[in-house]
Amino acid sequence: MIGQVAGVRGVAPLLPMDAVRWGAVEDCLRALMDAYGFREIRLPILERTELYARAVGEVTDIVEKEMYTFTDRSGDSLSLRPEGTAGCVRAGIEGGLFHNQAQRLWYQGPMFRHERPQKGRYRQFHQWGVEAYGMVGPAIEAEIIALGARLLAKLGVETRLLLNSLGTPQCRERYREALVRYLMAHRERLDDDSLRRLERNPLRVLDSKNPDMAALLAEAPAIADSWSAESRSHFAALQDHLAALGVAFEVAPRLVRGLDYYTHTVFEWTPHETLAQATVIAGGRYDGLVSGLGGAPTPAVGFAIGMERLVALVTRLPAPPVLDVFIMASASFQRQALVLAERLRDAGFTVETHLAGASGRSQMKRARDSGARVIVEAKDEVAIVHGGPVKDEGAMPWAEAVVRISQILGAEANIDGK
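No experiment lies behind these values; they were computed from the predicted model shown.

Visitor: How do you make sense of the overall build of the chain when you look at a structure like this?
Guide: Along the backbone of the chain there are 14 helices and 16 strands. Taking 418 residues into account, the globule formula puts the C-alpha radius of gyration at 22 Å, and the chain, at 28 Å, lies well above it. Counting the 418 residues in the chain, one finds 47% classified as buried. Looking at the chain as shown, the accessible area adds up to about 21100 Å², and 52% of this sits on carbon and sulfur atoms.

Printed below as a string of structure tokens:
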């Protein structure tokens, strides 16, 4: 007997019973994208490794430890996408989307990071990204945050919105200097990861997940002390907009996000205070990213949704679609069953046909379990219909089946397009 081939660790299939939940969440998201004027962009899974080194930052866990990177036959270094924003910006620049234009874009699909698999954190995971380009000021930030809040409310997901500002690049540089002074004064308390980050990108130290560092980082300088008047005004206006929209939030002074391209506003929704991997939606403003990747200066703001985490938290889903007709067919009458199923689909009904050749008893159990409104048993000359207003409609000629079933279902048959 040939042995089973195991799946890749941290890469899970989406089974049919799970896909129903995912599909309902995705339908909700698509409706919101339309309601807020966002258009879909479909991004490649493969990009040049240089893109992520320049956009995400070389001194990040993503680039240093987690990317799936390989050299192809042409000698180019390519990587499976670990996040979507860099690829969206690259595609937008090449496609001319940002030339004196405002764009509202969304994308979705798998991302890949080689990290230790655990609940809510996988090596292949899925994100839904929402990004707006060409719009300055806090108003578009407030609208995008309101979109996220509306999504979570519609799905019945209870979270906390955390909000902070990194200020301008100049504010960030002032804060970097203050943070370095503080960390150097407590160098002996830093772990190896933090020492390495201290030399090249000190703000990454604030992302440390080491519990032994928590007390030290809690006493670190706050970035608000380095804000300019412009940054304070921007952040205050954002809070005023959110208050006007009725969106509740908490200011989190040490929220910095894990990627290098953020400026001004950063935010995230999390259902738990203590679990870093519990973040469900996260994003912010990244005005320098388009120019940093070779495009014209373009303001930008957006967020990404961790779909595995979101779906796991959903408590409010629409009822699954109801199957109209289930057709039972033994091996001898499968042709008749196929013809009837196609004519019923032409008439606008949803139909499942059992073609596995099981016993009548087994097929009836499957039919009942399907929840179909009508069950049809295919025979040589007739179709026997179960269900409808009475328990058993009895036998009927094939020629009458579509009209009779339509009447049972309370619908007008649409035969041959009429």
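What follows continues from the structure just given.
Visitor: Would you explain the packing of aromatic side chains in this entry?
Guide: Geometrically, a pair of aromatic rings is defined through the distance of the ring centres and the angle of the planes. Inspection of every chain in the model, using the stated rule, returns seven aromatic pairs. A ring pair is formed by Tyr262 and Tyr286, whose centres lie 6.1 Å apart and whose planes are at 70°; its orientation type is edge-to-face. Remark: Tyr286 occurs in the loop between strand S10 (281-285) and helix H10 (289-292) and Tyr262 occurs in the loop between strand S8 (250-251) and strand S9 (263-270); sequence separation between them is 24 residues. Residue classification places Tyr286 among the buried positions, given a relative accessible area of 1%. Judged by centre distance (6.4 Å) and plane angle (80°), the rings of Trp269 and Phe303 are edge-to-face. Placement of the pair is Trp269 in strand S9 and Phe303 in strand S11 (residues 300-306), with a sequence separation of 34 residues. Accessibility expressed as a relative area gives 4% for Trp269, which makes it buried.

Visitor: Explain the nonpolar core to me, please; I cannot follow it from the model alone.
Guide: Across soluble globular proteins, nonpolar side chains show a tendency to be buried alongside one another. Of all hydrophobic cores here, the largest spans 86 residues; its most connected members are Met33, Phe38, Tyr133, Ile145, Leu151, Ile305 and Leu310. A per-element tally of this core places helix H5 (residues 138-155) first, with nine residues. If we skip the residues at most four places from it in the chain, Met33 touches Phe38, Trp106, Trp128, Val130 and Leu147.

Visitor: What exactly am I supposed to notice about the pairing of strand S6 (residues 124-133) here?
Guide: A regular strand carries its side chains on alternate faces of the sheet. Within S6, eight of the 10 residues are buried, which leaves the element mostly enclosed by the surrounding structure. When strand S5 (residues 103-112) meets S6, the two strands line up antiparallel, connected through 10 bridges. Bridge pairing links Gln108 to Trp128 in S6. The sheet contact formed by S6 and S11 spans seven bridges and is antiparallel. The residue of S11 that forms the bridge with Val130 is Phe303.

Cut-offs and rules
Residues numbered from 1 in each chain as written. Predicted model: local features only at pLDDT ≥ 70, side-chain atom pairs only at ≥ 80, totals over all residues. Heavy atoms only, no water. Helix = DSSP H or I, 4+ residues; strand = E, 2+ residues; numbered from the N terminus. Rg over C-alpha atoms; globule rule 2.2 N^0.38 Å. Buried < 20%, exposed > 50% of the residue type's maximum accessible area, 1.4 Å probe, protein only. Areas by Shrake-Rupley, 256 points an atom, 1.4 Å probe, with all protein chains shown as cover. Phe/Tyr/Trp six-rings, centres within 6.5 Å; stacked < 30°, edge-to-face > 60°. Core = buried A, V, L, I, M, F, W, Y, C linked by side-chain atoms within 4.5 Å. Contact = heavy atoms within 4.5 Å. Pairing = 2+ DSSP bridges.

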